[in-house]
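This is what each chain is made of:
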Amino acid sequence: MPSHSLKWYLRGDFGADNLHENLRMRLRSFILATSVAVGIVFLGGSWWAINTGFDEAFRKHARQQADDVATMTFSAMYEIMSRGWSRDEAERFLAGIHGSEQRQQATDRLNVLIFRAPSVIARFGEIDQPDPGRQTRRTLETGEATESTESGTFRRSFALKAEPRCLACHDNAAVGEVLGAIEVRQPYQHMLDNVRYGFYTGALPSMLLGVLVALGAVWWVSLRIESSVDAVDADIASINSFADLRQLSVDHNRHAFDEFSRIHNGIVRLATKLRSVAVDKDILMFEIGLLEKFVITSEVIRDWRVYVGRLLEDINSVIDAHVLFSVFQIDDELFDIEIFWYHQPDGSARAQLEQAIREALHNDKRFSDPVTLNVHHHSPENARALSTDEHDAMVLRIKSFFVDQPRIGSIVGIGVQSEALVDHTHSLVLDSILSTLLNVVGSIKAIHKYTRDLEYYATRDPLTDLYNQRVFWELLDYEVGRSRRHEAKATLLLIDLDNFKLINDHYGHAAGDRFLQGFAQAIRGALRGGDIFARYGGDEFVVVLPETDVEQGYLVAQRVLDAARAVAVESSPGGEDVRGSVSIGLAVYPDHATEAKDLFLFADNMMYRAKAEGKERVAVPSSDDIMAVFRDVSEMGVAVLAAVNERRIIPFFQPIMDIAGKRLAAVEVLSRLEINGQLMRADQFIEIAEKIGIIHRLDTIVIEAALAQLKEADFDGYIFFNLSPRALVLSEFARTLRTVVKESGIAPERIVFEITERDTVKNLTLLERFIADLKSEGFGLAIDDFGSGFSSFHYLRRFPFDFLKIEGDFIANMLSSERDRIFVQSITALAKALKIQVVAEFVESAEVLDMLRELEIDYAQGYHIGRPERRVAMSAAVGDAAAVAALPA
């Protein structure tokens, strides 16, 4: 009931429209109006009763008096008549009885009239007598007594009937015959008015006193009712939250009337029942709001602990909760307990809470000895300290929720400490809230961990912990730009292990991985503090030396050679040592190139020259080398341009397998360039095509040729194409793609364009416009090399990808690296949640394929599935590499 409802009900102050408003009044007004109405009815009834009583009494008195007077008159008349009287005596007697005419007309005096009947007139003759009137004539005719009241005068007529003794004189009459009539007229109105006046005059003071007493009683009752209504209203108005229901009580001394005590008691009983069956709206809204917490933002990813602390603040907006804790399973016998405080606790409070939590965990056998529990406390920096009084008053009531198996984020339990748990309903609702919180907290920690791993692996090589190729290019671009601004030099070293394939083949890949790790650690020790060391891929490494000229760069390269010679790694426990050497190519900005890619190309040429000269050496470019490299680059540019003009771009097809169905589901189209009778891979000419501005023509040619060939072969699977980011800059490129696809007769829904995430950072707006054009036509979209860049999550959130291709390094290293396996598993789970199909690249063994099948990844691509070939196999079930390999040209 709203806080004012009772008062409105008792006072009549509630209403919905003017009509009802006019019909309502306050209880005090109702009592007063009722009292007045009762008084009026009482006075009116009393007046009517008194008047009727007086009138009846006076009429009865007049009747009795008339009877007496008539009897006396008849007796006197008979007495005279019995002695015999003459006519004169009779007339004098009647004149004495009747009196004067003035007396007969008087309204305040008793009058007696005697009238002769016709028989008497016939015997004795007419005499002078007044008109008897209708009433007396009726009495003369019927012999019955009659009476009436007119104008305050009571009239009664009596018949004089003949008796035997009367016949002596009235010999013409018979016994019982009417001889005459006596009419008695008794005026009583004047007397009645005098009596009434006297009565009302005497009763008026008593009536006034009664009115005053009644008004006083109404006023007193109104005050007592108002006091009781205000008391009930004040209690109801004090209820502003669910917790206030506990404070509601009844003081019977506050109510003058038992009925109000009963009403107040009823409200308190209702509040008690509500506490047992109802739930605070704020708690329900908070529980609903928890669903919004599943929307993970970058803020959550930055620090999940701060986010959980804010969740605790949200909880305290609806119930008082000093602590929220979560339990994570790190290992079979290792658990982390993260405790979040709403205030700053002291050491005693922490110890007290830890003991309470351990007791709460004691009932679960998973947390019994020899399990190790690592407890971590977190409290807001700006929160006030928990006061001594709060610490002493803090009741350690723990509400916890545990699951049998670890959920996402390895969370196994969550709990809250709050005095609100004394309420049974709150305790039940908290079960549901804790269940939701468990998933929320587990999710944000898992996303935090996965994102941290993503960020790490996006920048690091998982095997050697060095920077990866993607970061190398960004750092090289940055260093070239910085050197240009400061007019400084920078040196690039390109390092390639000599005969590393022999190490893998002879000792195994595990020994090869250990050698790479030892080599990376040794070379890192030979470099300076500010040098940039990265693994470019496979057995290739790169070093960027800021503020370094060719002489200083050569000295560093020599230290790298010496460190590489000293590396010795056991092939197996107790086995022989594995050793190796390196060849190093050197290039200096701006002496040898002014662009990052040209500088790398120059160092790459020098590295191959070092190998050609005998390996295990540093190749430093001479002036002739500089001219030869630039000549080679220029010649390559001319060759690529000629190949594009002559449409000598050849599409190759690499199969993509549906893992669950073991069948060919798609192909990826790769470009090959034929120059001087030799086929060049895309990585050998794409950069040149981009630099000379013909990449969009190259992409168009390969797409057109591939679609024509696939249409002719009646291929019905997905077709993946790689697009260069340079082509996206051209507004007409999307139109060209639509035209080529339309002319091919292949449905756009079967064509998927791959966007490499590492190449799209600087073209985000153009990419968005380009993707919108493609999606509007029905084309599919894939993000390639997912995990290689910094913005993986951002791209997934911003663009409507249909496929996600996981960076191949993670797939290739899954068998030997638990981190890589977890990373692949996490990416797969994320993609499935977003309804994106997953493609695993670099699948080069049956063991990797089996693991992909366990992880429920959709598609597999790699040399184990099939190598890129000029023609694609149109059939059938896929079981091994031979079954899916493309048919030879």
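All values reported here derive from a predicted model rather than from experimental measurement.

Asks: When you look at the sheet that holds strand β2 (residues 146-150) in this model, what are you seeing that I'm missing?
Replies: The strands making up a sheet are joined through hydrogen bonds of the backbone, oriented either antiparallel or parallel. Reading across from one edge, β1-β4-β3-β2 is the order of the four strands in this open sheet, with antiparallel pairing throughout. The outermost strands of the open sheet, each flanked by one partner alone, are β1 (111-116) and β2. Between one strand axis and the next, the sheet turns by 20° as a mean value, whatever way the strands run. Bridge count for β2 against strand β3 (residues 153-161) is five bridges, and the pairing is antiparallel.

Asks: Sorry, what's going on with the packing of aromatic side chains here?
Replies: By convention here, two paired aromatic rings are described through the distance between centres and the angle between planes. If you walk through the whole model with that rule in mind, you get 16 aromatic pairs. Centre to centre, the rings of Trp473 and Phe600 are 5.2 Å apart; their planes meet at 55°, and the pair counts as tilted. Of this pair, Trp473 sits in helix α16 (residues 469-486) while Phe600 sits in helix α20 (residues 596-612), and the two are 127 residues apart along the sequence. Phe600 sits in the buried class, given a relative accessible area of 11%. Every member of this aromatic cluster is reached through a ring pair, and the members are Phe472, Trp473, Tyr536 and Phe600. The lysine or arginine in question, Arg672, covers the ring of Phe652, its NZ or CZ lying 5.3 Å from the ring centre. Arg867 extends its terminal NZ or CZ atom over the ring of Tyr863, reaching a point 3.9 Å from the ring centre.

Asks: Would you take a moment to explain the pairing of strand β18 (residues 663-675) for this structure?
Replies: Both faces of the sheet carry side chains from a regular strand, because those side chains alternate between them. The buried count for β18 comes to 11 of 13 residues, which makes it a mostly enclosed element. As paired strands, strand β17 (residues 649-658) and β18 are joined by 10 bridges and run antiparallel to one another. By the bridge assignment for β18, Ile649 is matched with Leu673. Hairpin connection between β17 and β18: a loop of four residues separates the two successive antiparallel strands, and Lys662 in this loop has a positive phi of roughly 50°. Bridging between β18 and strand β20 (residues 718-722) involves four bridges; their strand directions are parallel. The residue bridging Ala666 from the neighbouring strand is Tyr718, located in β20. Both β18 and strand β19 (residues 678-680) contribute to a ladder of three bridges, which runs antiparallel. Pairing of Leu673 across the sheet is with Met680, part of β19.

Asks: Please clarify how the pattern of salt bridges should be interpreted in this entry.
Replies: Where side chains of opposite charge bring their charged atoms close, a pairing between them can arise. Going through the model one piece at a time under the given rule, you end up with 26 salt bridges. Between Glu183 and Arg185 there is a salt bridge, with its nearest N and O atoms 2.7 Å apart. Overall, Glu183 belongs to the buried group, its relative accessible area being 0%. Overlapping salt bridges, with partners in common, bring together Glu668, Glu754, Lys805 and Glu841 in one network.

Asks: Help me out: how do you make sense of the pairing of strand β15 (residues 582-589) in this one?
Replies: By the criterion of burial, β15 is predominantly enclosed, with eight of the eight residues buried. Taking every second residue as pointing to the same face, both faces of β15 are buried, with Val582, Ile584, Leu586 and Val588 on one and Ser583, Gly585, Ala587 and Tyr589 on the other. A crossover links β15 with its parallel partner strand β16 (residues 618-619), the connecting element being α20, and its sense is left-handed.

Asks: How should I be thinking about α20 in this particular structure?
Replies: Think of an α-helix as 3.6 residues a turn; residues three or four steps apart then line up on the same face. Between its first and last C-alpha atoms α20 spans 24 Å; for 17 residues at 1.5 Å apiece the expected length is 24 Å, and the two agree. Within the sequence span of α20, burial applies to Ala596, Leu599, Phe600, Phe602, Ala603, Asp604, Met606, Met607, Ala610 and Lys611. Within two residues after α20, Gly614 carries a phi angle of roughly 130°, on the positive side.

Asks: Help me out: how do you make sense of the sheet that holds strand β12 (residues 540-546) in this one?
Replies: The sheet built from five strands is open, its strands ordered β11-β12-β10-β15-β16 with mixed pairing. A single partner strand is all that each edge strand has here, and the edge strands are β11 (532-537) and β16. Two elements, strand β10 (residues 490-497) and β12, share seven bridges in a ladder whose sense is antiparallel. The residue bridging Ile495 from the neighbouring strand is Phe541, located in β12. Taken strand by strand, α20 contacts β10, β11, β12, β15 and β16, and its axis lies near 145° from that of β15.

Asks: Would you explain the packing of helix α18 (residues 509-526) against helix α19 (residues 550-566) in this entry?
Replies: Between two packed helices, both the angle of their axes relative to each other and the distance between the axes serve to describe the pair. At their nearest, the axes of α18 and α19 sit 9 Å apart, and the two run at 145° to each other. Between α18 and α19 the crossing geometry is right-handed. Across the interface between the two elements, Phe519, Ala522, Ile523 and Ala526 of α18 pack against Arg559, Val560, Ala563 and Ala564 of α19. For the contact of α18 with α19, a count of residues per class yields seven nonpolar, no polar and one charged.

Criteria and cut-off values
- Counting restarts for each chain, with residues numbered from 1 along the sequence as it is written.
- Local features are withheld for residues below a pLDDT of 70 in this predicted model, meaning they are given only at 70 or higher, and side-chain atom pairs are given and counted only at 80 or more; totals for whole chains, interfaces and linings count all residues.
- Where side-chain values are given, they derive from all heavy atoms of the structure, hydrogens and water being excluded.
- Strand pairing is defined by DSSP finding a minimum of two bridges between the two strands.
- A run of DSSP states H or I qualifies as a helix once it reaches four residues; a run of E qualifies as a strand once it reaches two. Both are numbered from the N-terminal end.
- Orientation is described by axes fitted as lines to C-alpha atoms, over the contacting stretch for helices, and by angles from 0 to 180 degrees between their N-to-C directions.
- Each Phe, Tyr or Trp ring (for Trp, its six-membered ring) is paired with any other whose centre lies within 6.5 Å, and the angle between the two planes then decides the class: stacked below 30 degrees, edge-to-face above 60, tilted in between.
- Remark: exposure states derive from per-residue accessible area (1.4 Å probe, protein chains only) relative to the maximum for the residue type, with buried under 20%, exposed over 50%, and partly exposed in between.
- Two conditions define a charge located above a ring, namely a distance within 6 Å from the ring centre to NZ of Lys or CZ of Arg, and an angle within 35 degrees of the ring normal.
- Salt bridge, as used here: a side-chain nitrogen of Lys or Arg that lies within 4 Å of a carboxyl oxygen of Asp or Glu.
- Crossover handedness is defined by viewing with both strands directed away from the observer: a clockwise path from the first strand over the helix to the second marks the crossover as right-handed.
- To estimate the expected span of a helix, subtract one from its residue number and multiply by 1.5 Å.
- Note on contacts: a residue pair is in contact if any heavy atoms of the two residues lie within 4.5 Å.
- Handedness of each helix crossing follows the sense of rotation of the near helix against the far helix: counterclockwise by less than a right angle gives left-handed, clockwise gives right-handed.
- Classes in brief: Ala, Val, Leu, Ile, Met, Phe, Trp, Tyr, Cys and Pro nonpolar; Asp, Glu, Lys and Arg charged; the others, Gly included, polar.

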